[in-house]
Amino acid sequence: QVQLVQSGGGLVQPGGSLRLSCVGSGLDASGYRLAWFRQTPGNNRIFVAAIGCNDGRTYYADSVKGRFTISRDKAKATMYLQLNSLQAEDTAVYYCAAGRPILSALRNESMYSYWGQGTQVTFSS
């Protein structure tokens, strides 16, 4: 059984930083891409960033490029999202996901088979 378990998140003040973690189990990571999405009330999940399990190539939404960093530690079966220079519009529930989307569908949440439980990130001014 595949499980993605998230940790991190919380309340962040202007200029603050957070690191989200996502530990995977039961997943044959070969060929998978791991991703982070975020969701605000009443809206669909929006792509934030993705990384290839094998090649480590990274992809970012324009809105977070230069501020967020996605990484993975294969030995620990863990993916991270470092959030820096947080802004009010970053407030959301963040989800990690695993799937095998083709590149053109990387930002499509329906291409991901497995999801973490979600964690709240709140920007506080």
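Look up: the structure comes first, before these words.
Let me begin by describing the structure that accompanies this report. Within every chain, residues take consecutive numbers counted from 1 along the sequence as written. Under the rules for a predicted model, residues below a pLDDT of 70 receive no local features and side-chain atom pairs below 80 are neither given nor counted, while totals for whole chains, interfaces and linings still include all residues. To get the side-chain values, take all heavy atoms of the structure and skip hydrogens and water.

With that settled, consider the overall build of the chain. A run of DSSP states H or I qualifies as a helix once it reaches four residues; a run of E qualifies as a strand once it reaches two. Both are numbered from the N-terminal end. Across its full length, the chain carries zero helices and eleven strands. Over its C-alpha atoms the chain spans a radius of gyration of 13 Å, differing by no more than 12% from the 14 Å that the globule rule assigns to 125 residues. For the chain, the spread of C-alpha atoms along the three principal axes comes to 40 × 30 × 25 Å. Looking at the chain residue by residue over its 125 residues, the buried ones come to 42%. Residue contacts follow a heavy-atom distance rule, with two residues in contact if any of their heavy atoms lie within 4.5 Å. Of the contacts made within the chain by residues no fewer than 6 positions apart, 56% connect residues no fewer than 24 positions apart. Each accessible area is a Shrake-Rupley estimate made with a 1.4 Å probe; only the visible protein chains count as cover when residues are assessed. Element-wise, carbon and sulfur atoms account for 46% of the exposed surface of the chain, whose accessible area totals about 6400 Å². Two residue types count as positive, namely Lys and Arg, and two as negative, namely Asp and Glu; His and chain ends fall outside the count. Where a charge lies is defined by one atom per residue type: Lys uses NZ, Arg uses CZ, Asp uses CG and Glu uses CD. Side-chain charges in the chain split into 12 positive and 7 negative, and the spacing between the mean points of these groups amounts to 4 Å. In this treatment the radius of gyration is a C-alpha quantity, and the globule benchmark scales as 2.2 Å times the residue count to the 0.38 power. When accessible area is computed with a 1.4 Å probe and restricted to protein chains, residues below 20% of their type maximum are described as buried, those above 50% as exposed, and intermediate ones as partly exposed.

The next thing to look at is the packing of aromatic side chains. Note on ring pairs: Phe, Tyr and Trp rings are taken, using the six-membered ring of Trp, and paired if centres are within 6.5 Å. Classes follow the plane angle, with under 30 degrees stacked, over 60 edge-to-face and the rest tilted. Scanning the entire structure with this criterion turns up six aromatic pairs. Centre to centre, the rings of Y95 and W115 are 6.4 Å apart; their planes meet at 80°, and the pair counts as edge-to-face. Taken as a pair, Y95 in strand β9 (residues 92-99) and W115 in strand β10 (residues 112-115) lie far apart in primary sequence, 20 residues in all. Residue classification places W115 among the partly exposed residues on the basis of a relative accessible area of 22%. Taking the ring centre of Y95 as reference, the NZ or CZ of R45 above it sits at 4.1 Å. By definition, being over a ring means that NZ of Lys or CZ of Arg is both within 6 Å of the ring centre and within 35 degrees of the ring normal.

With that settled, the discussion passes to unusual backbone geometry. With a phi close to 50°, A77 is a non-glycine residue in the positive phi region. By secondary structure assignment, the location of A77 is in the loop between β7 (68-73) and β8 (78-83). With relative accessibility at 37%, the residue A77 sits in the partly exposed group. One non-glycine residue, S85, lies in the positive phi region at around 50°. Counting through the fold element by element, S85 comes out in the loop between β8 and β9. The class for S85 is partly exposed, based on a relative accessible area of 43%.

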